[in-house]
Amino acid sequence: MLFNSFIFIFIFLPITLIGWYILNKYKHSELAKTFLAGMSLWFYGYFNFYYLAIIIVSIIINYLLSFALTFAEDKTWEKNASRAGLLTGISFNLGLLFYFKYYDFFIENINYAFHTNFNLKHILLPLGISFFTFQQLSFIIDRCLGRAEHYSFINYVTFVTFFPQLIAGPIVLYKEIIPQFENADNRKFNAANFSEGIVLFVLGLGKKVLIADVFGLVVNYGFAQTYSLDTVSTILVILSYTFEIYFDFSGYSDMAMGLGRMFNIIIPVNFNSPYRACSVKELWQRWHITLSRFFITYVYIPLGGSKKGKLRTIINTIIIFFLSGLWHGAAWTYIAWGTMQGLLVAWDNLGIVGIKGKEEKIPSKFHIPAWLGWFLTFSFFNLSLFFFRSESMAGAVQMFKNLFAFNYTGKMFEVAAAMDISEFYVVREALSIAAPDVVKYAYLLLLIVYLAVSFFLIFRKNALEIATDGKFGPVKCWAVSIIFVWCVISLSQVSTFLYFNF
C-alpha cells in the first residue's frame, strides 16, 4: 500500500486513526497497540502476502532472542550469554538480509571470478527488509550490550511494524518509539500534533507526486538513452535525478513524520535540507540521518572512530560508506557510489580545505567561500549519482564520457519532451495547432522552470520547519488544501518510492 494512493488516504488511514483513538479513549491501550500492529501488518502485506511470513518470522526470532537474554542473571553466565546472543543476533539478521538481497549478487561474482556455473535463485526482495532488519539489529545489539531492556511482545511488534516508517524508514530506535507508545498523554487526540501531521504529510505528498514523479519521467527516459546523450542532455538528466531522489525520499520521510504526529508519535528527522551543505561531510550530516547514525553507532565507533589517528579515521570512514553503498543495493554501482562518498568525506576529515565562517575543531590550512563549497559539494554529489542510478558500471562510465565530451546534438529536446504531464496538456495541444515548431521549446522551458523552482525550494524552509512554525492561518490552510487536491487529482499517475528498492 502506497502513501500516495487512494486506498491509503481515504480508507486505511481514517480507519486506523479512528480505531486507535477510540480504543485508547476507552482505556484499552494494549488492544489499541494490537490493533495498530495488525493494521501495520495489513499495510505491509498489501504489497505481497508472501512478505508477511518473512517479517513475522524475523520479529519472532529476534523477540525470542531478547527474551532468552532475560535469564542471564549470573554474572559469568551473563557475559557468555551476551556474547552468544550478540553473535546469534548479528548472524541471523545479516544472514536473512544476505539471503534475500545479496545471494544472487554473491553467486554472480563467484561465477565470474572462478568460472563456475552455480545457479541463481532470482529471489524476490522483500519490501523494506533493509530497514526493518537494521531496526531490529540495533535493538538486539543494545540488548546484548546491556543498553536496552526486554519489552512486552506487543510493544516490540508495534515498534517494528509501525507503518509510517516500516518500509522506507527512518530507521528508528526502540528508545525513541516504545516510550512514546507507553506515554498515556500520547493516547489522547492532540489537535496541534494532528495539524502539524497533516501539513507534513501533504507537503511530503506534494514533493513526491508533483515534483519527484515529474522529474522521474525525464530520468527514466534519459538513462534509457545513456549511449546517445550529449553533454547538455546529460546535465539535464543528472540534475533531474538529483532532485528526483531528494524530493522522493525526503517526501516519504516527511509523510512518515506527519503520519507519526497524527498518532502523537515523533519520528526522527531523516533529512535536514542536505542540498544546502557546503561540504560532503556536512551533506551526510543532513542526508538519510538515521542510516548514518546506525553506521556511526554500530560500526564506526566500535572500529575506533576518529580516536586512533588520521589514517585509521580515513579507513573507518571509507568502510562505513562502502557498507552504506552495499546497503543500498547488491550491485557494484552502489559500492562505487558509496566508496566515492567515503573518499570525499575522508578528504573533508583531513581538514586541508575549510569553509569561511564555519566553526572548526581543527583549523584548516586553506579556506574557500561558502558559495564555492556549496557548488563543489553539489557538483560532486551529482557526479556520484551516475553510479547510483546507472544499471551497470559500463553505463555509469558512459555517462561520465557523455558529460566530458563537450558535444551538442540537440538531444535535450527529446529529454525535455519526456515531461509529458497532464497539467501541460492544454498548452501542448494549443501550441501543436498554432505553432507546432515551438512545442519542443515549450517542453524545454517547462523542464528549466522545474529545475529553477527546485533550486529555489532547497534554500527555503523545509517541510518540518513550515509545519512546526506555530502558524496555521488561512494562507497556510489554503496552500495545504490546494496542494492536497492537486496531488489527489494526480494520483492516477501513481509510482512507487525509490527507496522501496533498498
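Scroll up to find the structure this text is about.
Keep in mind that this is a model prediction, so the values were computed, not measured.

Colleague: Looking at this structure, I do not really get the packing of aromatic side chains. What am I missing?
Modeller: Geometrically, a pair of aromatic rings is defined through the distance of the ring centres and the angle of the planes. A full pass over the atoms with the stated rule returns 72 aromatic pairs. Where Tyr63 meets Tyr156, the ring centres are 5.7 Å apart and the plane angle is 45 degrees; that geometry is what we call tilted. With Tyr63 in helix 3 (residues 49-69) and Tyr156 in helix 6 (residues 153-161), this pair connects stretches of sequence that are 93 residues apart. Classification of Tyr63 by relative accessible area gives buried; the value is 13%. When its relative accessible area of 0% is taken as the criterion, Tyr156 is described as buried. With centroids separated by 5.9 Å and ring planes inclined at 65 degrees, the aromatic side chains of Phe162 and Phe163 adopt a geometry described as edge-to-face. Neither Phe162 nor Phe163 differs from the other in exposure class; each is buried. The residue whose ring lies beneath Lys440 is Phe413, and the NZ or CZ to ring-centre distance is 4.7 Å.

Colleague: Explain the packing of helix 1 (residues 6-25) against helix 2 (residues 29-45) here, please?
Modeller: Their axes nearest at 7 Å, the elements helix 1 and helix 2 cross at an angle of 165 degrees. Considered as vectors, helix 1 and helix 2 are oriented roughly antiparallel to each other. Our pair here, helix 1 against helix 2, has a crossing hand that is left-handed. Counted together, Phe8, Phe12, Ile15, Thr16, Gly19, Trp20, Leu23 and Asn24 of helix 1 and Ser29, Leu31, Ala32, Lys33, Phe35, Leu36, Met39, Trp42 and Phe43 of helix 2 form the full contact between these two elements.

Colleague: How do you make sense of unusual backbone geometry when you look at a structure like this?
Modeller: Glycine aside, residues mostly have negative phi angles, and peptide bonds mostly take the trans form. A positive phi is found at His115, a non-glycine position, where the angle reads about 55 degrees. A positive phi angle, near 45 degrees, is found at His288, a position not held by glycine. Inspection of the secondary structure assignment puts His288 in the loop between helix 10 (280-286) and helix 11 (289-300).

Colleague: Would you take a moment to explain helix 5 (residues 129-144) for this structure?
Modeller: Since the α-helix advances by 3.6 residues per turn, residues separated by three or four positions end up pointing in the same direction. The end-to-end C-alpha distance of helix 5 is 22 Å, a good match for the 22 Å that 16 residues give at a rise of 1.5 Å each. Of all 16 residues making up helix 5, 16 are buried, and the element is well covered by its neighbours. Positive backbone phi, approximately 80 degrees, marks Gly146, located one or two places after helix 5.

Colleague: Help me understand the environment of Leu491, please; the structure alone is not making it clear to me.
Modeller: Of note, Leu491 is situated in the segment after helix 20 (474-489). On a C-alpha basis, the gap between Leu491 and Phe6 in space is 7.5 Å, while along the polypeptide they are 485 residues apart. Residue contacts for Leu491: discarding those within four places in its chain leaves Asn4, Ser5, Phe6, Ile9 and Val209.

Colleague: Hey, could you run me through the layout of surface pockets in this one?
Modeller: If a probe the size of a water molecule is rolled over the atoms, the empty space left behind becomes visible. Each pocket or cavity is described by its volume, and for the largest pocket that value is around 1500 Å³. Together, 47 residues line the largest pocket, and Lys281, Gln285, Val345, Asp348 and Asn349 are the ones closest to its centre. Looking at the lining of the largest pocket, the elements that each hand over two or more residues are helix 10, helix 11, helix 12 (310-328), helix 13 (332-350), strand 1 (353-355) and helix 14 (370-389). Of the residues that constitute the lining of the largest pocket, the class distribution is 23 nonpolar, 14 polar and 10 charged. Taken as a whole, the second largest pocket spans an internal volume of roughly 770 Å³. Ile211, Phe247, Val453, Leu457 and Ile483 are the residues nearest the centre of the second largest pocket, which is lined by 29 residues in total. Sort the elements by how many residues they give to the lining of the second largest pocket and helix 18 (residues 439-458) lands first, with eight residues. Of the residues contributing to the lining of the second largest pocket, the split by class is 20 nonpolar, four polar and five charged.

Cut-offs and rules
Residues numbered from 1 in each chain as written. Predicted model: local features only at pLDDT ≥ 70, side-chain atom pairs only at ≥ 80, totals over all residues. Heavy atoms only, no water. Phe/Tyr/Trp six-rings, centres within 6.5 Å; stacked < 30°, edge-to-face > 60°. Helix = DSSP H or I, 4+ residues; strand = E, 2+ residues; numbered from the N terminus. Buried < 20%, exposed > 50% of the residue type's maximum accessible area, 1.4 Å probe, protein only. Lys NZ or Arg CZ within 6 Å of the ring centre and 35° of its normal. Axes fitted to C-alpha atoms, helices over the stretch in contact; angles between N-to-C directions. Parallel < 35°, antiparallel > 145°, perpendicular 65-115°, else oblique. Left-handed = near helix turned anticlockwise from the far one by under 90°. Contact = heavy atoms within 4.5 Å. Expected span 1.5 Å × (residues − 1). 1 Å grid on protein atoms, 1.4 Å probe; cavity = no way out; pocket = protein on both sides within 12 Å on 5 of 7 lines; lining within 4 Å. Points joined across faces, edges and corners; volume = space filled by probe spheres on them. Nonpolar A, V, L, I, M, F, W, Y, C, P; charged D, E, K, R; others polar.

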